[in-house]
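Letter by letter, the chains look like this.
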Amino acid sequence: MAAVCQPRQALVEIPAPQPKIAARMRRSYLEILSSRMVPTPSPLPRGRNTAANTKRMQSLDLAVGGAWRGRLEEQCEKMDEHHTPLSKQQLVQLIRSLILVEQSQEPRIMASDLKYLQEDLQLKKANVYRSIPYSRFGSNRDAHCYRKAYPHLVAFKVSCQEWGQVLLRNKDWDAVLEHSLMAWRYTSELPQWDTASHNTLREQCYSILAAHSLTALQHYSPEPNRGRELLRRLKMAQLYSQSIVPCIQELQRIMECLDDSSMDTK
């Protein structure tokens, strides 16, 4: 008797092969950063100041333009000299600092509120310390740690320079002095590196802030009480760098002129 062969049924159906996905072409850093720098909608804080907050957030969401390309290339060349490898996150942070308020619609609103400038400096300083690797056995102020923190140090320097220039263009002389003294304190809190040449960026920040303060004092004559307060704070800033000495001398000259004028009136 012949055996009857019944066809076996497959328990699992094998799907048809899918077409191969075309390989993506590698994008350049500028394309990646351009896509990441597009401002994303974020929830707005509730309250009566929604319109003001919206303007401030629009000013902080800075678009990529052509004004910063020259500065970016210059900073990248300096990093190549230091043989500093850049990650995407570090490059994004650097470009955010280079852009600043170049294409902001209302830079006067942003610059007039020093609280936002202080938050920007605080963020830049925090990024410097976050980038430094921790080691229990070696120094965290050596050349290796400096290379890790270098992009964020450049971002801090650019923030001091660009915001000060915005205030100078607005001719808000008292705000220029306040910003310079505030940024001076944050600069003094930056890491002190083991190699003396690695502290050049710190000295450059001091020179930039001193130049901004001197320009403001050449166009501004404060009230006597305000002048004495500024003189006291400038002398405290001298403890960290001698770059502030011309500003002290200029303010002393202004105060002497005010005293002479008050004596003449009497």
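The rules behind each value
- Throughout, residues of each chain are indexed from 1 in the direction in which the sequence is written.
- Confidence filtering applies because this is a predicted model: local features only for residues at pLDDT of at least 70, side-chain atom pairs given and counted only at 80 or more, and all residues used for totals across whole chains, interfaces and linings.
- Heavy atoms throughout the structure, all of them, feed into the side-chain values; hydrogens and water do not.
- A run of DSSP states H or I qualifies as a helix once it reaches four residues; a run of E qualifies as a strand once it reaches two. Both are numbered from the N-terminal end.
- Throughout this description, buried means an accessible area under 20% of the type-specific maximum (1.4 Å probe, protein chains only), exposed means over 50%, and partly exposed covers the range between.
- The contact criterion used throughout is that any non-hydrogen atoms of two residues lie within 4.5 Å.
- The method behind every accessible area is Shrake-Rupley, applied with a 1.4 Å probe, and residues are considered shielded solely by the protein chains displayed.
- Throughout, disulfides are identified as pairs of cysteine sulfur atoms within 2.5 Å of each other.
- The span expected for a helix works out to 1.5 Å for each residue beyond the first.
- In this analysis, axes come from line fits to C-alpha atoms, helices being fitted only over the stretch in contact, and the angle between any two N-to-C directions falls in the range 0 to 180 degrees.
- Comment on the angle field: the value is read as roughly parallel under 35 degrees, roughly antiparallel over 145, roughly perpendicular from 65 to 115, and oblique elsewhere.
- Two helices that cross are described as forming a left-handed crossing if the nearer one is turned anticlockwise from the farther one by less than a right angle, and a right-handed crossing if clockwise.
- Polar here means any residue outside two lists: the nonpolar Ala, Val, Leu, Ile, Met, Phe, Trp, Tyr, Cys and Pro, and the charged Asp, Glu, Lys and Arg; Gly therefore counts as polar.
- Salt bridges are defined by distance alone: a side-chain nitrogen of Lys or Arg within 4 Å of a carboxyl oxygen of Asp or Glu.

A. Quick look at the overall build of the protein chain. Within the protein chain, the secondary structure is distributed over eleven helices and zero strands. Burial statistics for the protein chain: of 266 residues in total, 39% are counted as buried. In the protein chain, the proportion of contacts linking residues at least 24 apart, taken out of those at least 6 apart, comes to 75%. When the accessible surface of the protein chain is totalled, it reaches about 17,200 Å², and 52% of it is carbon and sulfur.

B. Layout of the state of the cysteines. Following the criterion strictly, the structure yields zero disulfides and no others. Note on Cys205: no disulfide assigned, nearest cysteine sulfur contributed by Cys160 at a separation of 4.8 Å. Assessed through its relative accessible area of 1%, Cys205 is described here as buried.

C. Fine view of helix H9 (residues 200-217). An ideal rise of 1.5 Å per residue puts 26 Å on 18 residues; H9 measures up with 26 Å between its terminal C-alpha atoms. Among the residues of H9, those classed as buried are Leu201, Arg202, Cys205, Tyr206, Ile208, Leu209, Ala210, His212, Ser213, Ala216 and Leu217.

D. Looking closely at the packing of helix H6 (residues 114-131) against helix H7 (residues 143-169). Between H6 and H7, the shortest axis-to-axis distance is 7 Å and the interhelical angle comes to 165 degrees. The angle between H6 and H7 falls in the class roughly antiparallel. Seen from above, H6 lies across H7 with left-handed handedness. Residues Leu114, Leu117, Asp120, Leu121, Lys124, Lys125, Asn127, Val128 and Ser131 of H6 touch H7, and the partners they reach there are Lys148, Ala149, His152, Leu153, Ala155, Phe156, Ser159, Cys160, Trp163 and Leu167. Of the residues assigned to the contact of H6 with H7, the class counts are eleven nonpolar, four polar and four charged.

E. Local environment of unusual backbone geometry. Even without glycine at this site, Lys171 takes up a positive phi of about 60 degrees. In this fold, Lys171 is placed in the loop between H7 and helix H8 (173-188).

F. Broad picture of the pattern of salt bridges. Enumeration according to the criterion identifies nine salt bridges in this entry. Glu178 serves as the salt-bridge partner of Arg233, at 2.7 Å between the closest nitrogen and oxygen. Of this pair, Arg233 sits in helix H10 (residues 224-237) while Glu178 sits in helix H8, and the two are 55 residues apart along the sequence. Residue class for Arg233 comes out partly exposed when judged on its relative accessible area of 21%. What makes Glu178 buried here is its relative accessible area of 19%. Through salt bridges with shared partners, a single ionic network connects Asp174, Glu178, Arg226, Glu229 and Arg233.

G. Seen up close, the packing of H8 against H9. As a packed pair, H8 and H9 sit with axes 9 Å apart at the nearest point and diverge in direction by 165 degrees. As summarised for this structure, H8 and H9 are arranged roughly antiparallel, according to the angle between their axes. With respect to the hand of their crossing, H8 and H9 are arranged in left-handed fashion. Every residue of H9 that contacts H8 at Trp173, Val176, Leu177, Ser180, Ala183, Trp184, Thr187 and Ser188 is listed here: Arg202, Cys205, Tyr206, Leu209, Ala210, His212, Ser213, Ala216 and Leu217. Its residues assigned to classes, the contact of H8 with H9 shows eleven nonpolar, five polar and one charged.

H. Just the environment of Ala211, in detail. Tracing the sequence through the fold places Ala211 in helix H9. For Ala211, a relative accessible area of 41% gives the class partly exposed. For Ala211 and Gln161, which are 50 residues apart along the polypeptide, the C-alpha to C-alpha distance reads 10.0 Å.

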